[in-house]
Amino acid sequence: MNKDKMYVRQICFLFGAFILPVKLITMPALAAKYASEDLWISAFLNFTADGAMIWFICGLAKKFEGMTVFEIAESNFGKAGKTIFSVLFFLFFMAKAYLPLIEHRNFVEISLYETTPALWIFLPIFLFAAFFSYKGLRGAGRAADIMIWFSVSGIVILAALSVSVADFSNLLPVTDVPVANILNGSLKTSLWFFDSPYMLFLLGHFKPEKKQTSKIVGAYFGFAAVAIVYMLILQCEFGTLTERQFFTPIKMGKYSVSVSNIGRIDYIAVCSIVMSCIFGVTLPLVFASVCLEKTFPFKHKITPCLITSTVAGAVIAFTEDYYFTIRNIFQECVVPFFAAFTLFPLIFIFLKNKDNGNLNDKQFKEKKECAF
Amino acid sequence: MRFLRTYFLPILIAFAMLLFFTHDFGLIDIEHTAIIVAFGVDKDQITGEYEISTQIAIPQASTDNTSNSESIISAKGKTPGEALDMIAVTTGWYPLLAFCNIVILGESILSENVMDVLNYFIRTDRLPDSATLCACKGSAKDLLLTDTPLDSVSSFALQKILEQDYAKLDRIANINIKNFADGYFSKSERGFLPFVKTVASGDSKNASNSGNGDGENEGGEQNSSADKNDVYDASSAAIFSKGKKVTILSPEETLLFNLKDKNSIDTFIKVDEIELNGEKTPALLEIDETYKKFGFKFENDKPVYEIELEVQCRIVSANVNLPVSELFPSAEAPEEVLKAAEEKITDTLTKMYRKLQLADCDLFGIKNTLYRFHYPKYESLKDDIIQSTTLKTKIVCKAKTTTRV
């Protein structure tokens, strides 16, 4: 029986605490570059696609009740198949961590440093990533319980400060942006989405509840709505300048009259989001460590965590100066692979729950109770 | 877990402490930092070089005004960024722009596209683009060098004046870098800046008089001599189209333009001549808006810019000896006064609109409205919409009956 059991509530908070803030750093500006004032439609399309996949995976949770994705893979493809599956998803999560980590480094640099700090100043985050990975999925769930307050309060404060200077006519006309541009905006910003694989790897790691699918999918779309409202406010505030607003949390709140009179109170919100993002950008490394742990039989649980963090740190140290080049490569070439990984769970429709299928009713009931 | 407790966490903590004590997390010592509080930009028309003048906050026990000139550091460069870099090179101070809340553009900048300069501020994250932006008569350096009785640091005094509009006086067309750039990049390609002139202290009448004319060639006396105390007049506004200054709005035009986006509560307007108690006199009226509408629409398929304004008026000051029952604040303004105020506001708006049409400037954002709310017509009408749109005003002045002062 797996010890890493989370509550459904923690999965819901995981979307809001970790996954949501990471999308608010550079993605809105990039969406505006392609889709102008219809940036929110681009994001809506991506959220809808991800939400649909999360809904589908929640359905798998019922089909393969109590089984982790590795157990499903092993029971259907054998040990070799499970290993290949783990390696591929290890690479996926490592690639998924790359852009957010560099972005977060730059976000911290812009927000908290006056001069450009040496790269190694940022390296302790990889020690943190190793520790976070070591604590496992249950630790991530517990952290989400706390960090959700940081994320939500940060976003609410920034939105409240920004609304007073927002011009809502900046969202018009909705019809002027060609559909191709909106779709291009979706495609180019999709790197910041592809969230459903997280849900895939949480299979078997949470305690089943009534209406769990509605809760999880509802939470995802709820937090998606928060992100979309945030993007709408951003567009209303900056209008034609939205595409220049990288690191939006540090840009949004400072035009309020309150900030002029009191001082940079928006920094409270910025620091909250920085904190949440630390967990958010290292979350893919947690899942990469889980994959690595299932690939090789490590003696100590900390070993795959250290390997994952070290590799990520080294890659970023050597390639950080080529951020824009690498981002373009990701946008042009890597998106199809990410999409393939995201759509991979569709194969599970054809797989059978061999584990539970071989059990008689009594054994199945016992297993289910154990899983609870 | 034991490994974690015994080795990992101590190493983590030791590493963080090492960072803190050796590099101070990349921060620069305050002794090596110049905290820049104001930024002036001028251009040498002969060499084409930009001259950046920065006002540096120097902690001081004394309030001696002469120190103001000592806190200005200038440098020249082919671009504003290069000039700023020269300041760091020549002084050894690292210019900290995070606290720079005002950027002044000298007159030499205004004749060309000011976005050539402002692009630097939009791009850089070192200077907050929430900083107030203004234009000035003469050079920005001279303006920063003025000694004023208002504050030992000239830019602080200037900021106080430029941001006074939070009291809803509506006299200053204040704007920040972000909003100016947003206007420039919008369909209207418009912009406005408060136009600052120095006025010799005690001679502020010169400043207000400048508002009666067009303002372009008039204005308060420009005095850059260091031995004189100066105050500032920012009640007129420089108007930009496609980044270039095209005209200047007089203080009263600026005030009425400000009503578009701001609320009026303690707003005053002058009426040159009214008949009160059988005598002709100039008067100062307090106006308090109760309804306003500044909007573009099509009327019988013809483009119209409609300004509807309903304000409550009260005579604040007039050179007439009135009985005590007729004195401010209990007196109601007579019908003739209200009529005169309506005419004054209508005339000022009409004159301003005509001035903007002549300059082909879309200050009221007509193209933006056309694009956002009448998008199908935008392509066919955008080129001559400014000239073809007629102004329709409906100004109603009512007597203010409240006793609130």
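No experiment lies behind these values; they were computed from the predicted model shown. (Residues numbered from 1 in each chain as written. Chains lettered and ligands numbered in written order. Predicted model: local features only at pLDDT ≥ 70, side-chain atom pairs only at ≥ 80, totals over all residues. Heavy atoms only, no water.)

**Q** Mind showing me how you'd approach the sheet that holds strand S13 (residues 390-399) of chain B here?
**A** Within a sheet, adjacent strands bond to each other through the backbone by hydrogen bonds, running parallel or antiparallel. All names here are of chain B. Read across the sheet, four strands follow the order S10-S11-S12-S13 without closing on themselves; strand pairing throughout is mixed. Pairing within the sheet leaves two strands with one partner each, and these edge strands are strand S10 (267-276) and S13. Averaged over neighbouring strand pairs, the angle between their axes works out to 35° when direction is ignored. Across 16 bridges, strand S11 (residues 279-299) lies against strand S12 (residues 302-318) in antiparallel orientation. Residue pairing for S12: Glu289 is matched across the bridge by Val311. (Pairing = 2+ DSSP bridges. Helix = DSSP H or I, 4+ residues; strand = E, 2+ residues; numbered from the N terminus. Axes fitted to C-alpha atoms, helices over the stretch in contact; angles between N-to-C directions.)

**Q** Mind showing me how you'd approach the confidence of the model for chain B here?
**A** Keep in mind that low pLDDT regions are not for reading the predicted coordinates in detail. Summing up the model confidence of chain B, the mean pLDDT is 83 and the portion of residues at 70 or higher is 80%. The low-confidence segment residues 208-227 of chain B (pLDDT under 50) makes 40 contacts with residues lying over four places distant or belonging to another chain. (pLDDT = per-residue confidence, 0-100. Contact = heavy atoms within 4.5 Å.)

**Q** Teacher, can you tell me more about the packing of helix H4 (residues 69-112) of chain A against helix H12 (residues 302-319) of chain A here?
**A** When two helices pack together, their arrangement is captured by the angle between the axes and the distance separating the axes. Residues and elements named next belong to chain A. Packing of H4 against H12 brings their axes to within 10 Å, and their N-to-C directions diverge by 50°. The orientation of H4 relative to H12 falls into the category oblique. Two packed elements cross with a definite hand, and for H4 against H12 that hand is right-handed. Packed against H4, whose contacting residues are Phe90, Met94, Tyr98, Leu101 and Ile102, the element H12 presents Thr308, Val311, Ala312, Val315, Ile316 and Thr319 at the interface. Of the residues assigned to the contact of H4 with H12, the class counts are nine nonpolar, two polar and no charged. (Parallel < 35°, antiparallel > 145°, perpendicular 65-115°, else oblique. Left-handed = near helix turned anticlockwise from the far one by under 90°. Nonpolar A, V, L, I, M, F, W, Y, C, P; charged D, E, K, R; others polar.)

**Q** Any chance you could explain helix H7 (residues 154-162) of chain B here in plain terms?
**A** Three- or four-residue spacings in an α-helix give side chains the same orientation, since the helix completes a turn every 3.6 residues. Most of H7(B) sits out of view: seven of its nine residues are buried. Along H7(B), the residues classified as buried are Ser154(B), Ser155(B), Ala157(B), Leu158(B), Gln159(B), Ile161(B) and Leu162(B). (Buried < 20%, exposed > 50% of the residue type's maximum accessible area, 1.4 Å probe, protein only.)

**Q** Honestly, the pattern of salt bridges in this entry has me stumped. Any pointers?
**A** Side chains bearing opposite charge may pair, as long as their charged atoms lie close to each other. All names here are of chain B. This structure, assessed with the given rule, holds 29 salt bridges over all chains. Residues Lys344 and Glu252 are paired through a salt bridge, measuring 3.0 Å at the closest nitrogen-oxygen approach. Here Glu252 lies in helix H10 (residues 251-258) and Lys344 lies in helix H11 (residues 335-358), a separation of 92 residues in the sequence. The network of salt bridges with common partners includes Lys293, Lys297, Glu299, Glu306 and Lys392. (Salt bridge = Lys/Arg side-chain N within 4 Å of Asp/Glu carboxyl O.)

**Q** Quick question: what am I supposed to make of the nonpolar core here?
**A** Generally speaking, a soluble globular protein has its nonpolar side chains buried in company with each other. Ranked by size, the top nonpolar core spans 205 residues in total, and within it Phe18(A), Phe201(A), Phe39(B), Leu105(B) and Phe121(B) carry the most contacts. In terms of residues, this core owes the most to one element, H4(A), which gives 17 residues. Ignoring any residue separated from it by four or fewer positions in sequence, one finds Phe201(A) in contact with Val69(A), Phe70(A), Phe85(A), Phe89(A), Phe93(A), Leu137(A), Phe287(A) and Cys291(A). Grouped together as the second largest cluster of nonpolar side chains are 17 residues, Ile72(B), Leu143(B), Leu162(B) and Ile172(B) included. (Core = buried A, V, L, I, M, F, W, Y, C linked by side-chain atoms within 4.5 Å.)

**Q** Explain unusual backbone geometry to me, please; I cannot follow it from the model alone.
**A** Where the residue is not glycine, phi is negative for most of them; where a peptide bond is considered, it is trans in most cases. The residue after Leu172(A), namely Pro173(A), is reached through a cis peptide bond having omega -10°. With respect to the element layout, Pro173(A) can be found in the loop between helix H5 (124-163) and helix H6 (179-189). Positive phi, normally seen in glycine, also occurs at Ser36(A), with a value near 50°. Inspection of the secondary structure puts Ser36(A) in the loop between helix H2 (27-35) and helix H3 (39-63). Of the residues examined, Ser36(A) reaches a relative accessible area of 33% and is grouped as partly exposed. One non-glycine residue, Asp360(B), lies in the positive phi region at around 55°. By the secondary structure assignment, Asp360(B) is in the loop between H11 and helix H12 (366-373).

**Q** How should I be thinking about the interface of chain B and chain A in this particular structure?
**A** Frequently, the measure chosen for interface size is the accessible area removed from exposure when the parts meet. Chain B puts 35 residues into the contact, and the matching count from chain A is 34 residues. For the pair chain B and chain A, the summed buried surface comes to about 3200 Å²; carbon and sulfur atoms form 65% of the total. For chain B, the biggest contributors to the area lost against chain A are Phe8(B), Lys178(B) and Arg372(B); these three give 20% of the whole. Summed over the shared surface of chain B and chain A, the number is two salt bridges. The shortest N-O distance in the salt bridge between Lys254(A) and Asp129(B) comes to 3.4 Å. In this assembly, chain B and chain A are joined by eight residue pairs in polar contact (both at pLDDT 80 or more). Listed by contribution, the elements that provide at least two residues to the side of chain B that touches chain A are helix H1 (2-23), strand S4 (94-96), helix H5 (115-123), helix H8 (177-185) and H12 of chain B. Of all the elements, H1(B) adds the most residues to the side of chain B that touches chain A, at eight residues. (Buried area = accessible area lost by both parts, 1.4 Å probe. Polar contact = N/O pair within 3.5 Å; in protein donor to acceptor, adjacent residues only side chain to side chain.)

**Q** Mind showing me how you'd approach the packing of aromatic side chains here?
**A** We describe a pair of aromatic rings using the distance from one ring centre to the other and the angle between the two ring planes. Summed over the entire model, instances satisfying the criterion amount to 49 aromatic pairs over all chains. The interplanar angle of 85° and the centroid separation of 6.1 Å between the aromatic rings of Phe18(A) and Phe132(A) together place this pair among those described as edge-to-face. You can see Phe18(A) sitting in helix H1 (residues 8-22) and its partner Phe132(A) sitting in helix H5, a full 114 residues away along the chain. Owing to a relative accessible area of 3%, Phe132(A) belongs among the buried residues under this scheme. Stacked on the ring of Tyr134(A), the Lys or Arg Lys301(A) has its end atom at 5.6 Å from the ring centre. A cation over an aromatic ring shows up here: Lys178(B) above the ring of Phe238(A), its NZ or CZ 5.2 Å from the ring centre. (Phe/Tyr/Trp six-rings, centres within 6.5 Å; stacked < 30°, edge-to-face > 60°. Lys NZ or Arg CZ within 6 Å of the ring centre and 35° of its normal.)

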